[in-house]
Amino acid sequence: MTKNTPINTNQSRRKFMKVSLATSGGMLLGFNLLTGCQSESKAVAAKLIPALPIPNEWFDINAYLKIGDTGLVTIMSPNPEIGQNVKTSMPMIVAEELDVDWKDVVVEQSPLSSDFDRQVAGGSQSIRQSWESLRNAGATARKMLLDTAAEKWNVNPEDCSISNGVITSPAGETFGYGELASEAATREVPTEVQLKQPKDFNIIGQSKTNVDMEGILTGQALFGIDTQIESMKYAVALRPPAFGQALDSFDDSATKAINGVEQVIRFGNKIAVVANSTWAAMKGKKALVVNWKNVGKLENSIDHSNELKEYSSKLSDEPRRVDGDVEKAFAEADYVLEKYYEAPFLPHACMEPMNFYANVTSEGAEIKGPIQTPQWTQARVGKVLGYEEDDYGKVSVGMTRMGGGFGRRLYGDFAEEAAEISQKAGVPIQLIFSREDDMLAGTYRPASAYRIKAGVVNGKLTAYHLTEAFYNGSMFGAMPSNFPAGAVPNYRVDCHQLETNFTTGAWRAPYANFLAYAEQAFFDELADELGQDAIQLRLDLFAEAKNNPIGEEHNYEVDKFVGVIKLAKEKSDWINRGQGKHLGFSAYYSHNTYVAEVAEIEMVNDVPQVKKVVCAVDCGIVINRLAAINQIEGGIVDGIGHAMYGNFEFKDGQTQQTNYHNYRLIRCDEAPEVEVHFVESENDPTGLGEPTLPPAGGALANAIASATGKRYYQQPFIKFLDVKG
């Protein structure tokens, strides 16, 4: 055996397994997938694992895995799969510590279960938060199997070795995991297990294909919108056409006359049409005659813009951070630069519209669909259905793959609607949003603005004042301890929260998605004004933060930040830019990950086009290299696309962009080449789904400035560029 790191499981094992109180001391789990060799699972397993026969019997080892009598291993993936590939990457971690061949693994999506602490897809935290539990689950199972084999041979377990699901004795005898599983499953949970050293990883760090790839390519029913259950009906909902309006009255006679429409139900401020097909339901919805009444302010984007600008010039009563005296420093500065940046509300525009299945009966509720927060959704649905808190468990929650989430599917409003409609209709239904429903009834990224002011003495930054204005809520309040906190002697952050009746919430890389652009565009312009290299200006500030930190602690590690900056500088050949090669630099720390990006712009017919982005990332240990690169690329393309094209406006409380025909997204031929470089690390893994998006807008803006000499302070940039519509 390789030399490994011991870890005590006493405090953490409850997080990843349920211990039976039976006298056998064995493991008792509620997972029955593949049990009894279900035909569908048999087919999947046969395609993925042709070398191993389907087991006749499975044995639960812990909540994360079970082993068949043929050696086939089923690993449960507990977290929702949005396309970030956790359904592959999380089981890879278990398989690594279990020491099983990846080709001998079948992966199953777990439903919501109390066996897992955090079944959430959000904040780029799935891998980071579950890293220890996943490793412990695999290592604990390995230990139970090893001890079982050693007892049979009457040898010391430490004298045995394990490789790819086979245990070998000192004498050369072998047992496969399948031969040991039934006995291993009855053992007491060990109080200490050995974790592998990173140098011994065989699966972690490799590139593994998405476990659902064949199903995706062959059109299998993996996504929520594919749900088809016997006796299920289809439902659509008509919601108020504008924020600030409510349902007054309606006439459904024409709707009920449509073939296939079965019920029309009012629920709250909405109307549901239940039918035997989506086509009939949507036709019925269009046939409704509805009167709406104004119950609140019908807001407009131009008013939002004016209000944001007004508040960005005000001091707040309670600043988020104050180091030194910025006003005094500005008065004494040789040079002061002040700029204002603004961004609109944005929808999530997921490719798969919102949808959810619900079957509510007198015994409880079964719900299933694409949701990032199954536990929260269980509680919300339980409350909507009138259950007492102790009875929320009567709501079972199944998870499907999601065709995009970006934060929209954190909010289970569509699951609540589905459950309420099913309860009132008395039948199982699948609620379907149209694209227009999605755009109209979304949970939007808040519109926000930043005013940044800097003072300079003898070429050095001596004062920095960031003022934020935003609508409804802020998760981090300008993140006052982010860079350049700690690097500037006089530093202040003010925040103003404004009110709107629009529904707002998390949008990919919440908060940082626009702040990073404003900050990084500002630093680039400051360097330009001072005649300094844009990267060196930042490096000098990081040196101050490390050697002479100011005020309260800052929340970033200087060496990691500097590491990605220098790597991006080297790989982009920053030092030799010029001669028609226009580069823009940006770096940001968010979701526990450090990212630096250099965007390259070419002028084509006097229009700037992004050709390439070089990206350096420090995310700790990389679990699945292929998936990590995909996430990095996706974040960059998404960040560039929304900075360039993401325009979303309101007039009299109603969205002016209703579908992809007038809500512009980046196109395939506009996506740049992305070159990814990882800082090799043995630190615990951090997040990757979001961190590459925030710096992308800044890199783009700075490259455009290099190419055109023009700077843009309002997103989207398409408003100011002659780009095809």
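These numbers were taken from a predicted model, which means no experiment stands behind them.

Even after reading the chapter, I still don't get the confidence of the model for the protein chain, so can you show me in this structure?
Detailed reading of predicted coordinates is not advised where the pLDDT is low. Taken over all residues, the pLDDT of the protein chain has a mean of 92, while the share at 70 or more is 92%. With pLDDT under 50 throughout, residues 1-6 is counted as low confidence; its partners more than four residues away or in other chains account for 21 contacts. In the model, residues 8-50 has pLDDT below 50 throughout and makes 98 contacts with residues more than four positions away in sequence or in other chains.

It is not clear to me how the state of the cysteines should be interpreted in this structure. Could you clarify?
The term disulfide refers to a covalent linkage connecting the sulfur atoms of a pair of cysteines. One pass over the structure, following the stated rule, counts 0 disulfides. Between Cys350, a free cysteine, and Cys668, which holds the nearest cysteine sulfur, the sulfur-to-sulfur gap is 17 Å. The exposure class assigned to Cys668 is exposed, which follows from its relative accessible area of 79%.

Would you explain the sheet that holds strand E8 (residues 174-176) in this entry?
One key point about sheets: their strands pair by backbone hydrogen bonds, in either a parallel or an antiparallel sense. Spatially, the 3 strands line up as an open sheet ordered E6-E7-E8, and their pairing is antiparallel. Edge positions in the open sheet fall to strand E6 (161-163) and E8, since each of these has one partner strand only. With strand direction ignored, the average angle separating the axes of adjacent strands in the sheet is 20 degrees. Here E6 runs beside strand E7 (residues 166-168); their pairing, made up of 3 bridges, is antiparallel. By the bridge assignment, Ser161 is partnered in E7 with Thr168. Contacts from helix H3 (residues 126-153) reach E6, E7 and E8 within the one sheet, and its direction differs from that of E7 by about 40 degrees. Where helix H4 (residues 177-184) meets the sheet, its contacts fall on E6, E7 and E8, and the angle it forms with E8 comes to roughly 75 degrees.

Would you mind going over helix H14 (residues 534-547) with me for this structure?
Every α-helix winds through 3.6 residues per turn, so residues three or four apart in the chain are directed the same way. Spanning 14 residues, H14 covers 21 Å between terminal C-alpha atoms, matching the ideal 20 Å at 1.5 Å per step. Elements that come into contact with the buried residues of H14 comprise strand E22 (460-471), helix H13 (512-530), helix H15 (558-571), strand E24 (582-590) and helix H17 (694-708). Where H14 begins, the capping side chain belongs to Asp533, and its oxygen is found 3.1 Å from the backbone nitrogen of Ile535.

Help me understand the sheet that holds strand E19 (residues 395-399), please; the structure alone is not making it clear to me.
Within the open sheet, the 7 strands sit side by side as E12-E13-E10-E20-E17-E18-E19. Their pairing is mixed. Pairing within the sheet leaves two strands with one partner each, and these edge strands are strand E12 (261-267) and E19. Taking the axes of each pair of neighbouring strands and ignoring which way they run, one obtains an average angle of 25 degrees across the sheet. Along the sheet, helix H10 (residues 374-384) contacts strand E18 (365-369) and E19; its crossing angle with E19, the most-contacted strand, is approximately 145 degrees. Against the sheet, helix H11 (residues 413-425) engages strand E10 (233-238), E12, strand E13 (270-275), strand E17 (355-360) and strand E20 (429-432), with an angle of about 35 degrees to E17.

How should the packing of aromatic side chains be read in this particular structure?
How two aromatic rings sit relative to each other is set out by the distance from centre to centre and by the angle between their planes. Within this structure, the stated rule accounts for 36 aromatic pairs. Note on Tyr341 and Tyr713: the rings are 5.5 Å apart at their centroids and 55 degrees apart in plane angle, and the pair reads as tilted. Here Tyr713 lies in the segment after H17 and Tyr341 lies in strand E16 (residues 335-343), a separation of 372 residues in the sequence. Exposure remark for Tyr341: the relative accessible area of 1% places this residue in the buried category. Looking at Tyr713, the relative accessible area reads 26%, which means it is partly exposed. For the pair Phe483 and Phe523, a centre-to-centre distance of 5.4 Å together with 35 degrees between the ring planes defines the contact as tilted. One end of the pair, Phe483, is in the loop between E22 and strand E23 (490-498); the other, Phe523, is in helix H13, with 40 residues separating them in the sequence. Note on accessibility: Phe483 and Phe523 belong to one class, buried. An aromatic cluster of three or more residues is present, and its members are Tyr464, Phe483, Tyr491, Phe522, Phe523, Phe542, Tyr556, Phe561, Tyr589 and Tyr594. The residue whose ring lies beneath Arg239 is Phe433, and the NZ or CZ to ring-centre distance is 3.9 Å.

Is there a simple way to think about unusual backbone geometry in this case?
Leaving glycine out, the prevailing phi sign among residues is negative, and the prevailing peptide bond configuration is trans. The linkage connecting Phe483 with the following residue, Pro484, adopts the cis geometry, with an omega of 10 degrees. Mapped onto the elements, Pro484 comes out in the loop between E22 and E23. Cis geometry marks the peptide bond from Gln715 to Pro716, where omega comes out at 0 degrees. Summarising the element assignment, Pro716 is placed in the segment after H17.

Calculation rules
- Residues numbered from 1 in each chain as written.
- Predicted model: local features only at pLDDT ≥ 70, side-chain atom pairs only at ≥ 80, totals over all residues.
- Heavy atoms only, no water.
- pLDDT = per-residue confidence, 0-100.
- Contact = heavy atoms within 4.5 Å.
- Disulfide = S-S within 2.5 Å.
- Buried < 20%, exposed > 50% of the residue type's maximum accessible area, 1.4 Å probe, protein only.
- Pairing = 2+ DSSP bridges.
- Helix = DSSP H or I, 4+ residues; strand = E, 2+ residues; numbered from the N terminus.
- Axes fitted to C-alpha atoms, helices over the stretch in contact; angles between N-to-C directions.
- Expected span 1.5 Å × (residues − 1).
- Polar contact = N/O pair within 3.5 Å; in protein donor to acceptor, adjacent residues only side chain to side chain.
- Phe/Tyr/Trp six-rings, centres within 6.5 Å; stacked < 30°, edge-to-face > 60°.
- Lys NZ or Arg CZ within 6 Å of the ring centre and 35° of its normal.

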